[in-house]
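Examining the three-dimensional arrangement
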Amino acid sequence: MSVGQWVKIGFVLVTAVICFVFADVSCAQVQTQTITKTGNPKKEVTVEHGQVVLVEGNDLIIKMEDGSIRHIPNVPDSVKIDVDGRQVGVHDLRPGMHLHHTITTVTTPQVVTNVQNVTGKVWHVSPPNSVILHLEDGTNQSFKIPKGQKFNINGQMVDAFGLKKGMIVTATKVVEEPETVVTQQKKITGTMPAPPPAPPADVPILVATTEAPTAAAEAPAAATPAKLPKTGSNLPLVGLLGLLCLCAALGVKLLRVKTGV
């Protein structure tokens, strides 16, 4: 036999071995497929309104719309708030600012279906509860048999009591599990407090000022003497002078009489 013939025979043997290995693998394996079906999502939006009362370090105190006080401690510096289109941090907040906390919750129902195809040799069976199959890696794995599970044996469907050691078993296990996926998005926005309204143009503006007291009180001005009221005329004085003159004349006359002049 020539060398070429030996090479051909060796190639055929190697091919046969590879086919045998793949055939053995195909008859002892577990394949799992997961199918997810998504339902209609439900969206819910909640908005909370509040006003900044106090900012101390990274602690924030807010008065909510219903009048309650909410304390938010240790606000991270990385949290940014959109205030009138400008991104600010917790240290930039000021009392009087209005904050709006928007929470968007999306609830999505899902049904996760796990389809498991099992192919292997029966090693041991305990009907109707479990079966041990010899798998491709040389190990044995125990499987629980669901109630009413059927097995395909050479094209014939049998239950757990029809399984025998050495049989090649192909079975499909379908498990449906409903799930609910909830996602939340949180966003905080704010607005500056409104400035006080300007007074009307036709209304005067008064600015109150307070003067500082002087060091010493000023001395009171000197009292001006009161002016006496005018109570009578000069006629009595003239009469008095006339009386005195008459008396003087009378006295001179008497003096002359006595002296004999």
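Note that the coordinates shown come from a computational prediction; the quantities given were computed from them, not determined experimentally.

Glancing now at the pattern of salt bridges. Summed over the entire model, instances satisfying the criterion amount to 1 salt bridge. Among the ionic pairs, E48 bridges to R70, the shortest N-O distance being 3.0 Å. Here E48, found in strand β2 (residues 42-56), pairs with R70, found in strand β4 (residues 69-72); they are 22 residues apart in sequence, far enough to count as distant. Accessibility expressed as a relative area gives 25% for E48, which makes it partly exposed.

Quick look at the pairing of β2 now. Pairing of β2 with strand β7 (residues 98-126), which is carried by 10 bridges, proceeds in the antiparallel orientation. Looking across to β7, one finds that T46 is bridged to I103. Looking at chain direction, β2 and strand β3 (residues 59-64) are connected through 6 bridges and run antiparallel. In the strand pairing of β3, L54 is matched with I61. Joining the antiparallel neighbours β2 and β3 is a turn of 2 residues, in which G57 adopts a positive phi near 65°.

This paragraph deals with the side chain of T104. Along the chain, the position of T104 falls in strand β7. Those residues in contact with T104 that sit more than four places away from it in its chain are K43, E44, V45, T183, Q184 and Q185.

Here we take up a nonpolar patch on the surface. A cluster of nonpolar side chains, L240, L241, L243, L244 and L246, forms an exposed patch at the surface whose accessible area comes to about 500 Å². Given the relative accessible area of 47%, L243 is considered partly exposed.

One pass over the structure, following the stated rule, counts 0 aromatic pairs. Between K165 and the ring centre of W123, over which it is positioned, the NZ or CZ distance is 4.6 Å.

Among the nonpolar cores identified, the biggest contains 15 residues, and V122, V131, L133, F151, L163 and V169 are the most heavily contacted of them. Elements represented by at least two residues in this core include exactly β7, β8 (130-134), β10 (151-153) and β12 (168-191). The dominant element in this core, judged by the number of residues it contributes, is β7, at 3 residues. Discounting residues that sit within four places of it in the chain, L133 has contacts with V118, G120, K121, V122, W123, T139, N140, Q141, F143 and V169. By size, the runner-up hydrophobic cluster in this structure holds 12 residues, among which are V52, V75, V83 and V88.

The rules behind the values
- Residues numbered from 1 in each chain as written.
- Predicted model: local features only at pLDDT ≥ 70, side-chain atom pairs only at ≥ 80, totals over all residues.
- Heavy atoms only, no water.
- Salt bridge = Lys/Arg side-chain N within 4 Å of Asp/Glu carboxyl O.
- Helix = DSSP H or I, 4+ residues; strand = E, 2+ residues; numbered from the N terminus.
- Buried < 20%, exposed > 50% of the residue type's maximum accessible area, 1.4 Å probe, protein only.
- Pairing = 2+ DSSP bridges.
- Contact = heavy atoms within 4.5 Å.
- Patch = residues over 30% accessible without salt bridge, like charges linked within 9 Å, V, L, I, M, F, W, Y side chains within 5 Å.
- Areas by Shrake-Rupley, 256 points an atom, 1.4 Å probe, with all protein chains shown as cover.
- Phe/Tyr/Trp six-rings, centres within 6.5 Å; stacked < 30°, edge-to-face > 60°.
- Lys NZ or Arg CZ within 6 Å of the ring centre and 35° of its normal.
- Core = buried A, V, L, I, M, F, W, Y, C linked by side-chain atoms within 4.5 Å.

Any functional reading would require information that these geometric values do not contain.
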